[in-house]
Amino acid sequence: EEEEEEEDEGSGVRVTPALLKAATGEFSLESILLLRLRGRGIAHLGCLADCSNLEWLDLSGNAIAGLAPLATLRALAVLNLAGNRVASVEPLRGCRSLRQLNLAGNRLRSLRQLRCLQGLRHLESLRLRDPLGNLGNPLCASPAYRAALAAMLPGLKAIDGQRVAGRGSELFRLCRELDAALDTESAPAAPAEPPQPWVRAGFWEPRPPARSAVLEEATRQLGQALRECRELGRRADDSIAQARRALGRRHHGNFGF
């Protein structure tokens, strides 16, 4: 595996300060919090260790084999390495804040290679297989790998996108048991009673709007205010007309004199 890793790193794009600044627009590497470098042909993580405050990192769809620069990223919480050439995740031991890790589509052959993740107390979600993207790892060939992984990393709440603990896990378990029960042959059941409505009669009928004393009083006051405004407007129009007539007579008298 070490020889294979060295061979993989022999060519490919290297992460450089110029690449990071162009991708994020940040002048300082320490200012980068979120970084997306998906599908860029990256084989060397280069100076990625200098992004000491990085919290979210997407490196999916590249040619990465060695993860050594990630060992110093203490703040990293979300890491996507799907679709790479990773055969060892030992450097991730140092990512103490890691919560979500996607390793689907890599070269992990044994669960023993994941024991280094046991010290990550915050790790909640781990993906080794992605059916939608047709991504997996050699270890996924074993049908019992999820159960073994859950036993090895009891803090996980989701494996391959499926809940194994926490809110929602009981629903997944119930659905699996229901599917299994439907697949098995069972004796004919007794005739069921006619279905009964689960809401009371008239539940779906539109209800008359409830009268509100506050709303009625507000409506009355608004109407009264509108009537007063109309009256004030009418008086203003009369006053303007009278003023115009007075000015017209005065102007006409001065013109004749």
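Since we're looking at a predicted model, the values are computed, not measured.

*Asks:* Help me understand the nonpolar core, please; the structure alone is not making it clear to me.
*Replies:* In globular proteins that are soluble, nonpolar side chains generally tend to be buried together. Leu-20, Leu-114 and Leu-117 are the most contacted members of the largest nonpolar core, which has 46 residues in total. Mapped onto this core, the elements with two or more residues apiece are helix H2 (17-24) and helix H3 (145-152). In terms of residue count, the dominant contributor to this core is H3 (three residues). When near neighbours in sequence (up to four residues on either side) are disregarded, Leu-114 contacts Val-89, Leu-103, Leu-108, Leu-126, Leu-128, Leu-139, Leu-149 and Met-152.

*Asks:* What is the right way to read the sheet that holds strand E5 (residues 78-80) from this model?
*Replies:* Strand-to-strand pairing in sheets goes through backbone hydrogen bonds, with the strands running parallel or antiparallel. Strand order across the open sheet formed by seven strands is E2-E4-E5-E6-E7-E8-E9, with mixed pairing between neighbours. Two strands bound the open sheet, and with one partner strand each, they are strand E2 (34-36) and strand E9 (162-163). Note that E5 and strand E6 (residues 100-102) share three bridges and pair parallel. For Leu-79, the partnering residue across the bridge sits in E6 and is Leu-101.

*Asks:* Quick question: what am I supposed to make of unusual backbone geometry here?
*Replies:* Glycine aside, residues mostly have negative phi angles, and peptide bonds mostly take the trans form. Backbone geometry places Asn-134, a non-glycine residue, at a positive phi of 55 degrees. Looking at the element boundaries, Asn-134 is found in the loop between strand E7 (125-127) and H3. Positive phi is not limited to glycine here, since Asp-160 has a value of about 55 degrees. You can call Asp-160 buried: its relative accessible area is 7%.

*Asks:* Would you mind showing me how to read H3 here?
*Replies:* In an α-helix, one full turn covers 3.6 residues, which means residues spaced three or four apart are oriented alike. Looking at H3, one finds that the buried residues are Tyr-145, Leu-149 and Met-152. End-on view of H3: buried residues confined to an arc of 65 degrees, all on one side of the axis. Turned more than 90 degrees off the buried face of H3, the exposed positions are Ala-147 and Ala-151. Looking at the buried residues of H3, the elements they touch are E7 and strand E8 (158-159).

*Asks:* It is not clear to me how the side chain of Asn-84 should be interpreted in this structure. Could you clarify?
*Replies:* Within the secondary structure layout, Asn-84 lies in the loop between E5 and E6. Classification of Asn-84 as buried rests on a relative accessible area of 7%. A distance of 3.3 Å separates the side chain of Asn-84 from the backbone nitrogen of Ala-63, its partner in a polar contact. Excluding residues within four positions of it along the chain, Asn-84 makes contact with Leu-59, Ser-60, Gly-61, Asn-62, Ala-63, Ile-64, Gly-105 and Asn-106.

Parameters at a glance
Residues numbered from 1 in each chain as written. Predicted model: local features only at pLDDT ≥ 70, side-chain atom pairs only at ≥ 80, totals over all residues. Heavy atoms only, no water. Core = buried A, V, L, I, M, F, W, Y, C linked by side-chain atoms within 4.5 Å. Buried < 20%, exposed > 50% of the residue type's maximum accessible area, 1.4 Å probe, protein only. Helix = DSSP H or I, 4+ residues; strand = E, 2+ residues; numbered from the N terminus. Contact = heavy atoms within 4.5 Å. Pairing = 2+ DSSP bridges. Arc of directions from axis to C-beta. Polar contact = N/O pair within 3.5 Å; in protein donor to acceptor, adjacent residues only side chain to side chain.

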